[in-house]
Amino acid sequence: MAKMPELKSEHIWIVVTIAFLIPMLRPLNTPFPMSDVTLEIYKIVESLPEGSIVVMGGGGVFAFDIESSPGMISCIKQMARKGIKLIAVPLWSETPQFHKYVIDAARVDKDKYGGPWKYGEDYVLLPYIPGPSDEVVLDSFLRDIHKTVSIDLAGTPIDQLPLMQKVHSYKDISLWFCPHWGFVPVIRIVVAKYNITSISFAQSAAYAFFSPYMYSYPGKVYMTNGYIGGAQYEKLAGDKGLGHMVIDSYTTLSIVTVAVIILGNITMLSRMREEEK
Amino acid sequence: MSRTVTYIRIYLARIIVIVGCLSILAGYFLTSPETAGLSSELQLWSSAISGFTLFIGLITIFARYIRSVMNREQNWPFHLYCLIVIILWVPFGFLQGIYSDIYQTLYLSTKITLHITIIGMMGWFVVSAMYRTFRVRSFRTAVLAILAIAMIFFNAPYLTTPYPVFGDVSYWLLNNPQMSASRAMVICGGIGGVILGIRILLGLERGALRMTGGE
């Protein structure tokens, strides 16, 4: 066997770039399996009556929470279609930007995009709520919302917002979504103490760590798994967004990665044989 | 620095650590309103003090980078750029408000987008690292390479859709051997952290809390 040259990293990066670009330019529509848990989450949201109040809250870093965005955006579109109300409760300092991002990406705002939701009546963005820990903030929020936070993200007193006049404590909240890494405090307080069903569009690493909570709190805690969970939810909601794109990218990149590993071993073998000769 | 000030710094740090630990433990194990009140008050102080660390960070950065720029050390243009961005950004946040549209847009366009880019770049580095790392030289490296390839394929939607059994195998591998091994590492790390904390408190770690004579 002729001695194969050792590939430079730059050559591999060019191939990886092409592997990313192919599904962006021409969607592959890769099929993927549907998960029972994702289907159950979709049915839970579908079963909520019009006017129900749902909270999107938790803490995370924006760059990592992008993995949770496909499912959350599709869910926001579903909620807007059903007339469900949403309150965004950020517990970390970067989370308000993420909440704004997913709501803007869903194009549901009436004034900006002609969607079904009007700010203040159908959805409210609360500011970052500081505290010694997420659990303390969540407990305070669920006991008395108006004592915990007094203004919204823009500085408007929440007493002036029609939606916030209807919600005062955990008794007024039907469901809790957490599209962030910080799902465990939500489970500890929102689920365990206040018995509110909580759903996380979890990042795949978070799913690996936190999925046992689904078995500890059956029927109360649900989690989707990373981008594939987001793609499953997009499919159920009739969307084609980031989740589908990532599945296509995984298709091309998985083949490239395995090919690269095999090529590396062939290179090593050819060098060993050459050295033996 | 004089010896007196050094000793004050050493013993003050120890006293603060001991008082803080005792208050947290007392607030957790004792149920009297006084200890709960003391614990809450000290936690508030702790939250306030932790805010000062931001100022310490800023002062440190300014001190080091100004020296670097004046002495034209390596990478001084980047240090100057950092100082200019800080000087512009902090007053900008105060004047516009951190929740104003323009501040949010700039923050999203710069820091968050760059953070996403840094994380996304891992994809390229992982593939080139795998080219060099997963080379079968022994039984162990063969197991590593085969399992890595297996996990890549077993999680691939084009395989799990027609053959769901691969998804089940992947799920079992992740939730049994992988989870047990990763939890073992996390437990070891936690125990190691506790032991290190106790050693620091007892002065057995050299340099911690300026204690001398550590082992």
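For the structure itself, consult the block above.
S.K.: Can you lay out the overall build of chain A for me, pointing to particular residues and giving the numbers?
M.R.: Within chain A, the regular secondary structure consists of 14 helices and six strands. With respect to the principal axes defined by its C-alpha atoms, chain A has extents near 80 × 40 × 35 Å. Sequence separation of at least 24 residues holds for 73% of the intrachain contacts in chain A that already meet a minimum separation of 6. Surface exposure of chain A reaches about 11900 Å², of which carbon and sulfur atoms provide 58%. With 25 positive and 27 negative side-chain charges, chain A shows a spacing of 3 Å between the two charge centroids.

S.K.: I'd like a description of the sheet that holds strand S2 (residues 85-90) of chain A, backed by residues and values.
M.R.: Residues and elements named next belong to chain A. One open sheet accounts for six strands, arranged S3-S2-S1-S4-S5-S6; its pairing is parallel. Two strands lie at the open edges of the sheet, namely strand S3 (123-125) and strand S6 (221-225), each paired on one side alone. Mean inter-strand twist for the sheet, computed between neighbouring axes without regard to direction, equals 20°. Direction of pairing for S2 relative to S3: parallel, over a ladder of three bridges. The residue of S3 that forms the bridge with Leu86 is Tyr123. Across the sheet, helix H2 (residues 36-47) touches strand S4 (175-177), strand S5 (198-202) and S6, and the angle it forms with S6 is around 125°.

S.K.: Let's hear about the pattern of salt bridges: which residues, and what values?
M.R.: For the structure on display, the rule yields 12 salt bridges over all chains. Its salt-bridge partner being Arg271 of chain A, residue Glu6 of chain A comes within 3.5 Å of it at the nearest N-O pair. Of this pair, Glu6 of chain A sits in the segment before helix H1 (9-25) while Arg271 of chain A sits in helix H14 (residues 242-276); the two residues are 265 residues apart in sequence, bridging distant segments of the chain. Using a relative accessible area of 31% as the deciding quantity, one classes Glu6 of chain A as partly exposed. Notably, a salt bridge pairs Glu6 of chain A with Arg132 of chain B, separated by 3.7 Å at the nearest N-O pair. Of this pair, Glu6 of chain A sits in the segment before H1 while Arg132 of chain B sits in helix H4 (residues 101-133), each in a different chain. Through salt bridges with shared partners, a single network forms among Glu6 and Arg271 of chain A together with Arg132 and Arg135 of chain B.

S.K.: Help me get a handle on the packing of helix H4 (residues 69-82) of chain A against helix H13 (residues 226-237) of chain A, residues and values and all.
M.R.: Residues and elements named next belong to chain A. It is at 7 Å that the axes of H4 and H13 come closest, and there the two elements cross at 25°. Between H4 and H13, the crossing angle belongs to the class labelled roughly parallel. Crossing of H4 against H13: the hand is left-handed. For the pair formed by H4 and H13, the contact residues are Pro70, Gly71, Ser74, Cys75 and Gln78 on the first element and Tyr227, Gly230, Tyr233, Glu234 and Ala237 on the second. Here the residues of the contact of H4 with H13 are counted per class, giving five nonpolar, four polar and one charged.

S.K.: Let's hear about unusual backbone geometry: which residues, and what values?
M.R.: We note that Asn29 of chain A has phi near 55°; this positive angle belongs to a residue other than glycine. Looking at where Asn29 of chain A falls in the secondary structure, it is placed in the loop between H1 and H2. Given a relative accessible area of 48%, Asn29 of chain A falls into the partly exposed group. Backbone geometry places Arg72 of chain B, a non-glycine residue, at a positive phi of 50°. Structurally, the position occupied by Arg72 of chain B is in the loop between helix H2 (33-70) and helix H3 (76-96). Relative accessible area serves as the criterion here: at 51%, Arg72 of chain B is assigned to the exposed category.

S.K.: I'd like a rundown of H3 of chain B, residues and numbers included.
M.R.: Residues and elements named next belong to chain B. The terminal C-alpha atoms of H3, which comprises 21 residues, lie 30 Å apart, in line with the 30 Å expected from a rise of 1.5 Å per residue. Among the residues of H3, those classed as buried are His79, Leu83, Ile86, Phe92 and Gly93. Where H3 is buried, its residues meet H2 and H4. Remark: Gly97 follows H3 within two positions and exhibits a positive phi of approximately 90°.

S.K.: Can you break down the side chain of Thr197 of chain A residue by residue, with the values?
M.R.: Residue and element names in this part refer to chain A. By the element assignment, Thr197 lies in the loop between helix H10 (184-191) and S5. Owing to a relative accessible area of 14%, Thr197 belongs among the buried residues under this scheme. With sequence-adjacent residues up to four places away left out, Thr197 is seen in contact with Leu175, Trp176, Gly219, Lys220 and Tyr222.

S.K.: Now, about the packing of aromatic side chains: what can you tell me, with residues and values included?
M.R.: Within the structure shown, the criterion is met by 23 aromatic pairs over all chains. Measuring from centroid to centroid gives 6.1 Å for Tyr163 of chain B and Phe166 of chain B, while their planes differ by 90°, and the two rings are edge-to-face. The class of Phe166 of chain B is partly exposed, set by a relative accessible area of 25%. Here the aromatic residues Tyr42, Phe177, Phe201 and Tyr233 of chain A are joined through ring pairs into a cluster of three or more. Taking the ring centre of Phe32 of chain A as reference, the NZ or CZ of Lys235 of chain A above it sits at 5.2 Å. The side chain of Arg135 of chain B reaches across the aromatic face of Tyr131 of chain B, ending 4.8 Å from its centre.

S.K.: Got a sec to walk through the interface of chain B and chain A? Specific residues and values, please.
M.R.: The partner chain A presents 47 residues to the 35 residues of chain B that form the contact. Approximately 3700 Å² of surface area, both sides summed, lies buried where chain B meets chain A, with 67% of it carried by carbon and sulfur atoms. Contact with chain A buries surface across chain B, with Tyr99, Trp124 and Tyr131 of chain B losing the most and accounting together for 20% of the total. Inspection of the region where chain B meets chain A yields three salt bridges. Where chain B packs against chain A, one counts 17 residue pairs in polar contact (both at pLDDT 80 or more). When residues of the side of chain B that touches chain A are traced back to their parent elements, those giving at least two are H4, helix H5 (139-154), helix H6 (157-160) and helix H7 (164-201) of chain B. If you tally residues by element for the side of chain B that touches chain A, the top one is H4 of chain B, at 16 residues. Of the residues belonging to the side of chain B that touches chain A, the class tally is 22 nonpolar, seven polar and six charged.

Rules used in this analysis
Residues numbered from 1 in each chain as written. Chains lettered and ligands numbered in written order. Predicted model: local features only at pLDDT ≥ 70, side-chain atom pairs only at ≥ 80, totals over all residues. Heavy atoms only, no water. Helix = DSSP H or I, 4+ residues; strand = E, 2+ residues; numbered from the N terminus. Contact = heavy atoms within 4.5 Å. Areas by Shrake-Rupley, 256 points an atom, 1.4 Å probe, with all protein chains shown as cover. Lys, Arg positive; Asp, Glu negative; His and termini not counted. Charge placed at Lys NZ, Arg CZ, Asp CG, Glu CD. Pairing = 2+ DSSP bridges. Axes fitted to C-alpha atoms, helices over the stretch in contact; angles between N-to-C directions. Salt bridge = Lys/Arg side-chain N within 4 Å of Asp/Glu carboxyl O. Buried < 20%, exposed > 50% of the residue type's maximum accessible area, 1.4 Å probe, protein only. Parallel < 35°, antiparallel > 145°, perpendicular 65-115°, else oblique. Left-handed = near helix turned anticlockwise from the far one by under 90°. Nonpolar A, V, L, I, M, F, W, Y, C, P; charged D, E, K, R; others polar. Expected span 1.5 Å × (residues − 1). Phe/Tyr/Trp six-rings, centres within 6.5 Å; stacked < 30°, edge-to-face > 60°. Lys NZ or Arg CZ within 6 Å of the ring centre and 35° of its normal. Buried area = accessible area lost by both parts, 1.4 Å probe. Polar contact = N/O pair within 3.5 Å; in protein donor to acceptor, adjacent residues only side chain to side chain.

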